[in-house]
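Observations on the model geometry
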Amino acid sequence: MVVVAEHVEWVDVNKTRCHVFWRRPEEWAALIYEWAASNGLLNTPCTLYEITHGDDTVDESFYGLEKEVLLKALKSLEIQRRAQLMNLGAEIVVGGPSFVCLSDTIEEGDTVIVYVSFGSMYPIVVKRGMSITMKFGQLRHEFLIGKQVNDLRWGSRVTTTAGYIHALRPTSDLWTRCLPKRTQILYTPDVSFILSLLDVHGGSVVAESGTGSGSLSHALAIGVLPDGHVYTHDIDETRTRKIEAEFKEHGLSHVTTAVVQNVCIEGFFVENSCDGVFLDVPSPWEAVENAARALSKPRGGRLVSFSPCIEQVQRTATMMRESGFVQVECIEMEKNVHLEREERERFQVEEKMMME
């Protein structure tokens, strides 16, 4: 039997067993994409069952296609950036478990927050042979790996060459405090309130515009676990590629999609799918109508916009009402420091002395 090489996929190194495809995965991918486009399903989530066993695909050649071949076809479309695998349940292997896996000990490849002091923290990815130099001297990564050093656990105090640090498990708020800042970022008080307004919970589908350094993006991604999804948009490709790499490193790539797209002009990556949309752009009123299209029509949803200027707020609120949004309100986030009576009186005395 003669088999064309491009239709063969070897499954072992010695080439004794192979899969022979009568259609290559790339060919199946083209047929599936053509079906989705002709049925108006682009930018619409579809399950694997709907593609191979749904009522709409009974007459299609890929009806009943084996799951393994289907996944290869869909991954081919993903490489071409024509599709996104949102969640494959048990099929997904999460890399870099620190953000999502609650193991007791630190393993090689984990992201660790090296806590030096309240205002000094460093995120590192633990790798043998590497070291970090800081205020309290040098720390070799080997000393953080739990199985190597007395079953070292998260939160443990670790001795350095000139002092000690604490090895903390990464969370979205700790990441916000020590992430590499590529832009101005949203901090924990704003982030927590935004998650509350969007009603983010496990299984939510959220679209964000203005990825920036990924502070809010990480909080959203962790908030929608285990089976939700976050679509984050930015106009800068460099920032988008960096946040994609961070999501992969932190084990969040299966619940996130980072897109280079101007939502004010091109709209969002998905339509009629989201439970919530967040805007952090210079002219949010220009994206309101596109945000309305991104929200799920059957379920409804929430739109939250973050703006520093009242003029932006006024124009956005007007556009939201014109686009059919209800219960539109403006909330100001303000930090107030409340002092105990004795401390307040001491400050008043010191202030009086200074005036005299």
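One structure accompanies this document, and this report is about it. (Residues numbered from 1 in each chain as written. Predicted model: local features only at pLDDT ≥ 70, side-chain atom pairs only at ≥ 80, totals over all residues. Heavy atoms only, no water.)

Taken as a whole and assessed by the stated rule, the structure comprises three aromatic pairs. When the centroid spacing of 5.8 Å and the interplanar angle of 35° are considered together, the rings of tyrosine 231 and phenylalanine 269 count as tilted. Of this pair, tyrosine 231 sits in strand E10 (residues 229–234) while phenylalanine 269 sits in the loop between strand E11 (256–260) and strand E12 (276–279), and the two are 38 residues apart along the sequence. For phenylalanine 269, a relative accessible area of 22% gives the class partly exposed. Directly above the aromatic system of tyrosine 164 lies the positively charged group of arginine 157, at a separation of 3.6 Å from the ring centroid. (Phe/Tyr/Trp six-rings, centres within 6.5 Å; stacked < 30°, edge-to-face > 60°. Helix = DSSP H or I, 4+ residues; strand = E, 2+ residues; numbered from the N terminus. Buried < 20%, exposed > 50% of the residue type's maximum accessible area, 1.4 Å probe, protein only. Lys NZ or Arg CZ within 6 Å of the ring centre and 35° of its normal.)

With that out of the way, let us pick up the pairing of strand E5 (residues 131–134). Across the two faces of E5 the burial differs, with Ile132 and Met134 buried and Ser131 and Thr133 not buried at all. Direction of pairing for E5 relative to strand E6 (residues 137–140): antiparallel, over a ladder of four bridges. Opposite threonine 133, over in E6, you have glutamine 138 as the bridge partner. Hairpin connection from E5 to E6: two residues lie between these consecutive antiparallel strands. (Pairing = 2+ DSSP bridges.)

A few words now on the pairing of E11. Most of E11 sits out of view: four of its five residues are buried. The β-α-β motif built from E10, the intervening helix H7 (residues 237–249) and the parallel element E11 has right-handed crossover chirality. (Right-handed = clockwise from strand over helix to strand, strands pointing away.)

If you look at the biggest cluster of nonpolar residues, it comprises 20 residues, and the most contacted ones within it are Leu195, Leu198, Val200, Leu216, Leu220 and Phe278. Where this core is concerned, the elements lending two or more residues are helix H5 (188–198), helix H6 (215–224) and H7. Among the elements that take part in this core, H6 stands out by supplying five residues, more than any other. Beyond its immediate stretch of four places on either side in the chain, leucine 198 contacts Val206, Leu220, Gly276, Val277, Phe278, Arg302 and Val304. Membership of the second largest hydrophobic core comes to 19 residues, among which are Val263, Val270, Leu295 and Leu303. (Core = buried A, V, L, I, M, F, W, Y, C linked by side-chain atoms within 4.5 Å. Contact = heavy atoms within 4.5 Å.)

Turning our attention to the sheet that holds strand E4 (residues 120–125). Across the sheet, which stays open at both edges, the four strands sit in the order E4-E3-E8-E7 with antiparallel pairing between neighbours. On the outer flanks of this sheet lie E4 and strand E7 (157–160), each paired with one strand and no other. If you compare each strand with its neighbour and ignore which way they point, the axes differ by 35° on average. Pairing analysis gives three bridges linking strand E3 (residues 111–117) to strand E8 (residues 163–168), with the strands arranged antiparallel. Each bridged residue has a counterpart across the sheet, and for isoleucine 113 the counterpart in E8 is leucine 168. (Axes fitted to C-alpha atoms, helices over the stretch in contact; angles between N-to-C directions.)

With that out of the way, let us pick up the packing of H5 against H6. Running from N to C, H5 and H6 cross one another at 45°; their axes reach a closest spacing of 10 Å. Our classification of the angle between H5 and H6 gives oblique. Crossing of H5 over H6 shows right-handed handedness. On H6, the residues touching Val191, Ile194, Leu195 and Leu198 of H5 are Ser215, Leu216, Ala219 and Leu220. A class-by-class count of the residues in the contact of H5 with H6 yields seven nonpolar, one polar and no charged. (Parallel < 35°, antiparallel > 145°, perpendicular 65-115°, else oblique. Left-handed = near helix turned anticlockwise from the far one by under 90°. Nonpolar A, V, L, I, M, F, W, Y, C, P; charged D, E, K, R; others polar.)

On to the sheet that holds strand E9 (residues 205–209). Taking strand neighbours across the sheet as the criterion, the five strands line up as E11-E10-E9-E12-E13 in an open arrangement whose pairing is parallel. Lying at the two open borders of the sheet, with one neighbouring strand each, are E11 and strand E13 (302–305). Within the sheet, the average angular offset between the axes of one strand and its neighbour, ignoring direction, is 15°. Judged from the five bridges that link them, E9 and E10 form a sheet pairing that is parallel. What sits directly across from valine 206, in E10, is valine 230. Sitting on the sheet, H7 touches E10 and E11, and the angle it makes with E11 is about 170°.

Here cysteine 264 is to be found in the loop between E11 and E12. C-alpha separation for the pair cysteine 264 and serine 209, spaced 55 residues apart in sequence, amounts to 9.4 Å. Among all residues touching cysteine 264, those that are not within four sequence positions of it are Val281, Ser283, Glu286, Ala287 and Asn290.

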